[in-house]
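Fold and contact review
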Amino acid sequence: MNRLDHTHDPKLKSWIASANEGSDFPIQNLPIGIFSYKDAEPRGGVRIGDKVFDIFAGFASGLFPGQAAEAAEAASQKTLNTFLGLGQGARSALRNRLSELFAVGATDKGKVEKCLHDLGDVTLHVPAQIGDYTDFYVGIHHATNVGKLFRPDNPLLPNYKYVPIGYHGRASSIRPSGVATRRPMGQLKSPDAEMPRHAATERLDYELELGVWLGPGNAQGEPIAIGEAAASVAGFCLLNDWSARDIQAWEYQPLGPFLSKSFGSTISPWIITPEALAPFRIAQPKRPEGDPAPLPYLSDETDQREGAFDIELEVLLLTPTMRDKGLPPHRLSLSNTRHMYWTVAQMVTHHTVNGCNLQPGDFLGSGTISAPDRSGFGSILEATEGGKHPIELVTGEVRRFLEDGDEIILQARGRRDGYVTIGFGECRSTILPAKR
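Attention here is on the structure that accompanies the text. Keep in mind the model is a prediction, meaning the values are calculated, not measured.

Definitions and limits used
Residues numbered from 1 in each chain as written. Predicted model: local features only at pLDDT ≥ 70, side-chain atom pairs only at ≥ 80, totals over all residues. Heavy atoms only, no water. Buried < 20%, exposed > 50% of the residue type's maximum accessible area, 1.4 Å probe, protein only. Helix = DSSP H or I, 4+ residues; strand = E, 2+ residues; numbered from the N terminus. Pairing = 2+ DSSP bridges. Axes fitted to C-alpha atoms, helices over the stretch in contact; angles between N-to-C directions. Contact = heavy atoms within 4.5 Å. Phe/Tyr/Trp six-rings, centres within 6.5 Å; stacked < 30°, edge-to-face > 60°. Lys NZ or Arg CZ within 6 Å of the ring centre and 35° of its normal.

Quick word on the pairing of strand 19 (residues 311-318)
Burial within strand 19 is extensive, with 8 of its 8 residues counted as buried. By the alternation rule, side chains of strand 19 split into Ile 311, Leu 313, Val 315 and Leu 317 and Glu 312, Glu 314, Leu 316 and Leu 318, which are all buried. Inspection of the sheet shows strand 19 paired to strand 24 (residues 407-414) by 8 bridges, in the antiparallel sense. Bridge pairing in strand 24 places Leu 313 opposite Ala 412. Taken together, the 6 bridges between strand 19 and strand 20 (residues 330-336) define a ladder with antiparallel strand orientation. Of the residues in strand 20, the one forming a bridge with Glu 314 is Leu 334.

Structural data, given as structure tokens:
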């Protein structure tokens, strides 16, 4: 697991003023992503306050010695796949050097300033070429709430507490924050209808998830042991796995989600490294009395002691009416990653237990992470109980499901007494009308 070091010191300040006062991106964070500036090719960048540091320019200026140079060169490419595959040593070397470059009193401040762009002047991209995307279902409160809608007497199926449930999603339709999402068409069938019909979804939903970027993978046929799984995790982001609930209800048996999920997913563009999140690691919450212990291949003392995270998760809604009136977004949910029933390491290990090979740049979703009570439900399906109890907004509007023009904004923050709060940035997208 990642350890605390000088880069987490709460007294550490940056000479970049915007990084010091309530920013999601203080010097203790230093996430990496892919950006483009004007007509230049996309390349790796680091977010610090409201600036983006051009890693390629910094590398060309000789700002990175030793192992940090290897990491910077890998991060200067059009995607971060090569960098993600280098593993923790390279990430830590780059982080340490970046911390030196941005800290008050840095001797290379003049060179660094020439490598900075204002955030508003750049375009952000999906940070890696995603080879495969697997979405898990580790939010037990979400799984229970959804199960109750369909199986009131038996909401969780017997395998849930033994198996980190997941399905393979569609990598090609993952888009970065800020790109609009079009309402999908598909087959819908009302319970009292004789036949399905082809129409736009009437039950469009968001899902509040933690995204996981994978680094060094494994050879096919060589499972990743639970004690080694954390080393395969290269970073985290926010994920909104948009869902068309009416399409899903008609198609999901017997093979699970298909068109109800593959039309689009939105991610926050910055990879928050495991090193940055070290202060916010916590013990995996104990399972309720009577729940089975994980099978031995999913059991590890270190992972149970510090493999979970205390990260606040928030969902906001901005409707067209609210936007026109200059009103702030309405909070729909406040949850936390501590409500994950399985750890990220358990997800990785189970994914590979059959010999499945993971590769740098592969992507995992946690599944919807809901809190135990309604104020923290991670989907509108849960919050409205399938549309039965609409959400009332300050404008007088109501929402049973999402409407065209609505914008969903996900945010996340790691907080801990004695440490600087860091954020993930926004994961936001506006719904466009269906293309019929």
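Let's talk about unusual backbone geometry
Cis peptide bonds are those with omega within 30 degrees of zero, and the linkage from Gln 253 to Pro 254 qualifies with 10 degrees. Note that Pro 254 resides in the loop between helix 7 (245-251) and helix 8 (259-262). Despite not being glycine, Leu 30 shows a phi value in the positive range, around 60 degrees. Considering the arrangement of structural elements, one finds Leu 30 in the segment before strand 1 (32-37). One non-glycine residue, Glu 385, lies in the positive phi region at around 50 degrees. With respect to the element layout, Glu 385 can be found in the loop between helix 12 (380-383) and strand 22 (391-392).

Regarding the sheet that holds strand 3 (residues 51-54)
Here 5 strands make up an open sheet; going across it, the order is 4-3-2-1-5 and the pairing antiparallel. At either margin of the open sheet sits one strand with a lone partner, and together these are strand 4 (116-118) and strand 5 (122-125). Neighbouring strand axes in the sheet, compared pairwise and without regard to direction, differ in orientation by 45 degrees on average. Relative to strand 2 (residues 43-48), strand 1 is paired through 4 bridges, and the arrangement is antiparallel. Within strand 2, the residue paired with Ile 32 across the bridge is Val 46. Contacts between helix 4 (residues 88-102) and the sheet are confined to strand 1, strand 2, strand 3 and strand 4, with strand 2 contributing the most and set at about 55 degrees to the helix.

Some remarks on the packing of aromatic side chains
Scanning all chains against the criterion turns up 9 aromatic pairs. Centre to centre, the rings of Phe 53 and Phe 64 are 6.2 Å apart; their planes meet at 70 degrees, and the pair counts as edge-to-face. Separated by 11 residues along the polypeptide, Phe 53 in strand 3 and Phe 64 in the loop between helix 1 (55-60) and helix 2 (66-74) bring together distant segments of the chain. Exposure remark for Phe 53: the relative accessible area of 0% places this residue in the buried category. According to the relative accessible area criterion, Phe 64 is buried, its value standing at 7%. For the pair Tyr 133 and Phe 363, a centre-to-centre distance of 5.8 Å together with 50 degrees between the ring planes defines the contact as tilted. Highlighted residues: Tyr 133 in strand 6 (residues 133-136) and Phe 363 in strand 21 (residues 363-365), separated in sequence by 230 residues. An aromatic cluster is built from Tyr 137, Tyr 160, Tyr 341 and Trp 342, whose rings are joined through pairwise contacts. It is Arg 287 that lies over the ring of Trp 342; its NZ or CZ is 4.5 Å from the centre.

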